[in-house]
Amino acid sequence: MAQGLNPAQEAAVEHGDGPLCVLAGAGSGKTRVLVHRIARLVERRVWPQEILAVTFSNKAAGEMRERLNAMLGTSARAMWIGTFHATCARLLRLHGERVGLTRDFTIFDDDDQMRLATALLKEEGLADSLTPRTLVSLIDRAKNRGEDPARLGGPTYAYDLVARLFPRYKSALEREDAVDFNDLLLKVLELADDPEASPLIGGRFRHVLVDEFQDTNLVQYRLVRHFVRESRNLTVVGDDDQAIYGWRGAEPRNLLDFELDFPDAVVVKLEQNYRSTSVILGAANGVIARNVDRHEKTLWTDNAGGEPVLWEEAQDDRAEADFIGRAIRGLESQEGRSWSDVAILYRTHSQSRVLEEALRIHRIAYRIVGGVSFFQRREIKDIRAYLRLVLNPSADSCFERVVNQPARGIGDTTIERVKAHARLASISLLDAARSCSHGAVTTLKPTARKKLAAFVDIIDGLRQVQAAGASVSELIIQAVERSGYRERLAIEDSPEARDRLANLGELVSMAADFDDEREGKGTLTEFEERISLASALDEQDGRAAQAVTMMTIHAAKGLEFPVVFVCGMEDGLFPSLRPRDMEDEKKSLEEERRLAYVAFTRAKERLVLTSARMRRQWAEVKLNPPSRFIDDIPVEHLAVRERPTAPPRPPAGSLVRARSDRSPPGSDNGSNRMTPWASPRPARHVESGADDFDQRVFEDDFPAYQIDAGANGSDFAAGTTVRHDAFGTGRVLEVRGSGKDQKLLIDFATVGLKTVLARFVSTD
DNA sequence: TATTCGCACTTTTTT
DNA sequence: AGTGCGAATA
């Protein structure tokens, strides 16, 4: 083995027992090292079931398992490979009874957590003093640090409220046999403190390897230390320059100070980058070099040269997206690149919408990673709630979610009475509903009782199906059917309803895959767990492989693409410059810088940066200067596209701004102009002063800012023909309101009737 | 009880 | 600009 490894990599792979710290630069082949090292351990007769490899995503875990399967065959199947959360969930399935969990405990995701928080605040009448978001994030923050949220106290009133509410939060989870994400880890830590369970945790693993160690938080580090308490065989791999989860409580110090805790640790540095061209690496190094708080390291590469990094400063966000669309088309036609070679990265999910539109216009297939994930869809969550209720009758939050979903005539008053009864008798809502249906509460009318009985019957029926040994996919089909969900959607028969039905079908086929994989032996609990722990990153399906990938920079960690676009390179957006509470400004700017470093180093061959002078953010127009990170890129590596001195059709005067003075000198002499791989523009559109580098076609698709004319004066009258950027032209049928919020009912030629804000259309 | 409309809130990043 | 919630209405 060890074919084609450099000496440093080989040292890491061949390291024997004892702590090992691998400081690995971006693209230095750390995953490869990790995989080879694990394979080597097995060759050295370490039992696969005594190896734990912790990855930062399920996707990374899957890939690692695949590679090990290829190298080792079936023995790889016995290894523990997964995220901290998945690993802890597995351990808790085995030993959870010791910390108050049954075998079928459920995991509260972000959404469930928020619902609970909302309900608690409402019950306590505190909904006005604290948002659920704040409540949840303060709880999480404390837990990330291993602190007890009930002991929060501090500068603001909010802390006291959280401390007061937390016991109720906690008992709600306990009542439902559920844990939140952080509890997953904390409960295992609890196990480690339990004298009887402790050996089960501490002695279980002979070798523990942790990837992306710079992003572990205090709790995770404690966990790792318990895992290796006996063996001391710990391998950590990471790069402090890629620490981008400070907001989640990650402590890069865990990596940097590794030798303080493990003085006998061997430290290996991987500094050769195999991924990117030297130009891209130069740009990335230029940005990261300005960070003060970091370990100096020199990442180098043999891949000399490469195309310069291209920076395009577009007029606005739409033009930016359009540029990207055309550039991808150009890459396709002139370089034969396929869409799957390309990734578009952005700082926030909200940037994706405009990009989507542009890619659709250019007929480019795309795939969005993250955002509103499949599993967060309402219909999916509803059916999952039915299933959870089957697994666990005391899952009150699930009961409330679906008792009237789809609508079956069980209204608020009925639910309130059931809840009151449940509280009084201290039983679950489902049991309360059952006894109400038998007449336990006299205020309930017979009709309400019948409806409750019908609901209870659905759940009981599903439980029988499960008890009869139905597969997971069968159970889901039954749930969709018996709940009346399918019928309801079928009757509605709107595009959305069809969409939802299709999503449910997708869930069924995922379950069928799961059933096949487990040869029919997989339990509903296992399927639920997989869904709960699946991140947006993991759910990508192979079918959409021929597509451009769009995602946040965070989600791109660990991935690589031949061509990478990083858009929204503007001060205020990236770097975000958003005041973070409890974090000082310098620190968060350094994290933003590392984020830029991660973004740039995803690119193998081409890196394109784009920014917009003007950007619409929630119906507000923002003018942001270009990102300061662009200034940090060595001038010789940066190419700026030329634009015509006089655009063919300039926008309304004041909006045309002088060209940024940040354009590096030398970009004018043509020496580092980039190959214009945007698709060729018809020659007749070229004005003097324009050149091949400018591909914009103003005639077709002029951006939207002239639109305000409509809102601030000339009111629209019914009958006027107007144009809207997305919907095309149409006739105004009705005018509602005036001024900024004036709305128009318009009959569009292509899409039919729509109500639109007046300021988004223009008279032609 | 279900549906519809208007209002407020939203947007940082995720296991 | 989309969502979710509460009030008003059928």
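Placed above this text is the structure.
All figures in this text were calculated on a predicted structure; none of them were measured in a lab.

Quick word on the side chain of glutamate 176
With respect to the element layout, glutamate 176 can be found in the loop between helix H7 (157–175) and strand S5 (178–180). Despite its burial, glutamate 176 pairs with no opposite charge, the nearest such side chain being arginine 388 at 5.8 Å. Ignoring any residue separated from it by four or fewer positions in sequence, one finds glutamate 176 in contact with Thr106, Phe108, Asn392, Ser394, Ala395, Asp396 and Ser397.

A short note on the sheet that holds strand S1 (residues 20–24)
Strands sit in the order S3-S2-S6-S7-S1-S8 across an open sheet of 6 strands; the sheet is parallel. Each of the sheet's edge strands pairs with one partner strand only, and the pair in question is strand S3 (80–82) and strand S8 (266–270). Taking each pair of neighbouring strands and ignoring which way they run, the sheet shows an average axis angle of 10°. In terms of strand pairing, S1 meets S8 through 5 bridges, oriented parallel. Note on S8: the bridge partner recorded for alanine 24 is leucine 270.

Looking at the nonpolar core
In this structure, Ile383, Phe399, Phe455 and Ile476 are the most contacted members of the largest nonpolar core, which totals 50 residues. Other than its neighbours up to four places away in sequence, isoleucine 383 contacts Ile476, Ala479, Val480, Ser483, Tyr485, Leu504 and Leu507. Core analysis: the second largest hydrophobic core is formed by 41 residues, Leu299, Ala343, Val369 and Leu607 among them.

Quick look at the pattern of salt bridges
Scanning all chains against the criterion turns up 60 salt bridges. Residue glutamate 416 pairs with lysine 419 through a salt bridge whose shortest N-O separation is 3.9 Å. On the criterion of helical spacing, the pair formed by glutamate 416 and lysine 419 is a turn pair, its members being 3 residues apart in helix H18 (residues 412–425). Close ionic contact of glutamate 591 with arginine 594 constitutes a salt bridge, the shortest N to O distance being 3.4 Å. Of the two residues, glutamate 591 and arginine 594 both sit in helix H26 (residues 585–600), 3 residues apart, roughly one turn of that helix. Of the residues examined, arginine 594 reaches a relative accessible area of 10% and is grouped as buried. Taken together, the shared-partner salt bridges connect Asp109, Asp111, Asp112, Arg115, Lys381, Asp382, Arg384, Arg388, Arg401 and Glu528 into one network.

Remarks on the packing of helix H21 (residues 472–482) against helix H23 (residues 495–517)
Across the interface, H21 lies against H23 with an axial gap of 7 Å and an inter-helix angle of 160°. Judged by the inter-axis angle, H21 sits roughly antiparallel to H23. Across from Val472, Ser473, Ile476, Ile477 and Val480 in H21, the residues of H23 making contact are Leu504, Leu507, Val508, Ala511, Ala512, Phe514 and Asp515. Counted by class, the contact of H21 with H23 contains 10 nonpolar, 1 polar and 1 charged residues.

Quick word on the pairing of strand S7 (residues 234–238)
Two faces belong to every sheet, and in a regular strand the side chains alternate between them. Within S7, 5 of the 5 residues are buried, which leaves the element mostly enclosed by the surrounding structure. The alternating pattern of S7 places Leu234, Val236 and Gly238 on one face and Thr235 and Val237 on the opposite face, and all of these are buried. As judged from the 4 bridges shared by S1 and S7, these two strands associate in the parallel manner. Residue pairing across strands places leucine 23 opposite glycine 238, the latter belonging to S7. Of the pairings in the sheet, the one linking strand S6 (residues 207–210) to S7 comprises 3 bridges and is parallel in character. If you follow leucine 209 over to S7, its bridge partner there is threonine 235. Read from S6 through helix H10 (residues 218–227) to S7, the crossover connection turns out right-handed.

Considering the packing of helix H8 (residues 181–193) against H10
The N-to-C vectors of H8 and H10 enclose an angle of 40°; their axes lie 10 Å apart at closest approach. The interaxial crossing formed by H8 with H10 has left-handed handedness. Seen from H8, the contacting residues are Leu185, Leu186, Val188, Leu189, Ala192 and Asp193; seen from H10, they are Val219, Gln220, Arg222, Leu223 and His226. By residue class, the composition of the contact of H8 with H10 is 7 nonpolar, 2 polar and 2 charged.

A few points about H26
Taking 1.5 Å of rise per residue, 16 residues should cover 22 Å, and H26 covers 23 Å from first to last C-alpha, within 8% of that figure. Among the residues of H26, Ser588, Glu590, Glu591, Glu592, Arg593, Arg594, Leu595, Ala596, Tyr597, Val598, Ala599 and Phe600 are the ones counted as buried.

Remarks on the side chain of glutamate 592
Considering the arrangement of structural elements, one finds glutamate 592 in helix H26. You can call glutamate 592 buried: its relative accessible area is 6%. One polar contact links the side chain of glutamate 592 to the main-chain amide nitrogen of serine 576, over a distance of 3.0 Å.

Here we look at the pairing of S6
Every second residue of S6 is oriented toward a common face, with His207 and Leu209 on one face and Val208 and Val210 on the other, all of them buried. Relative to S6, strand S2 (residues 51–54) runs parallel, the two being bridged by 4 bridges. Note that in S6 the partner of isoleucine 51 across the bridge is histidine 207.

Overview of helix H4 (residues 84–95)
Here H4 spans 16 Å end to end across 12 residues, near enough to the 16 Å set by a 1.5 Å rise per residue. Turning to H4, its buried residues are Phe84, Ala86, Thr87, Cys88, Ala89, Leu91, Leu92, Arg93 and His95.

Section: the packing of aromatic side chains
In this structure the tally under the stated criterion is 11 aromatic pairs. Linked through ring pairs, Phe213, Tyr221, Phe258 and Phe262 together constitute an aromatic cluster. The ring of phenylalanine 56 has lysine 557 sitting right over it, with the charged end atom 5.0 Å from the ring centre.

Calculation notes
In every chain, residue numbers begin from 1 and rise along the written sequence. Just so you know, chain letters begin at A and ligand numbers begin at 1, following the order they were written in. The predicted origin of the model limits local features to residues at a pLDDT of at least 70 and limits the giving and counting of side-chain atom pairs to 80 or more, whereas totals for whole chains, interfaces and linings rest on all residues. The side-chain numbers reported here are obtained from all heavy atoms of the structure, hydrogens and water having been left aside. Where helices and strands are cited, they refer to DSSP runs of H or I of at least four residues and of E of at least two residues respectively, numbered from the N terminus. Think of it in three bands: with a 1.4 Å probe and only protein chains considered, a residue is buried below 20% of the maximum accessible area for its type, exposed above 50%, and partly exposed in between. The charge count includes Lys and Arg as positive and Asp and Glu as negative, but it does not include His or the ends of the chains. We define a salt bridge as a side-chain nitrogen of Lys or Arg found within 4 Å of a carboxyl oxygen belonging to Asp or Glu. Here, residues are in contact when the closest pair of their heavy atoms is within 4.5 Å. In short, DSSP must find at least two bridges between two strands for them to pair. Axes here mean lines fitted to C-alpha atoms, for a helix over just the part in contact, with angles spanning 0 to 180 degrees between N-to-C directions. For this analysis, a nonpolar core means a set of buried residues of the types Ala, Val, Leu, Ile, Met, Phe, Trp, Tyr and Cys, connected via side-chain atoms within 4.5 Å. The labels follow the angle: roughly parallel below 35 degrees, roughly antiparallel above 145, roughly perpendicular from 65 to 115, and oblique for the rest. Only Asp, Glu, Lys and Arg are considered charged, only Ala, Val, Leu, Ile, Met, Phe, Trp, Tyr, Cys and Pro nonpolar, and every remaining residue, Gly among them, polar. A crossover counts as right-handed when, viewed with the strands pointing away from the observer, the path leading from the first strand over the helix to the second turns clockwise. Each crossing gets its hand from how the near helix is turned against the far one by less than a right angle, where anticlockwise is left-handed and clockwise is right-handed. The span you would expect from a helix comes to 1.5 Å times its residue count less one. In protein, a polar contact requires one atom able to donate a hydrogen and another able to accept it; more generally it is a pair of N or O atoms within 3.5 Å, and residues adjacent in sequence count only if both atoms are side-chain atoms. Each Phe, Tyr or Trp ring (for Trp, its six-membered ring) is paired with any other whose centre lies within 6.5 Å, and the angle between the two planes then decides the class: stacked below 30 degrees, edge-to-face above 60, tilted in between. Lysine and arginine charges are scored as sitting over a ring when NZ or CZ, respectively, is within 6 Å of the ring centre and within 35 degrees of the ring normal.

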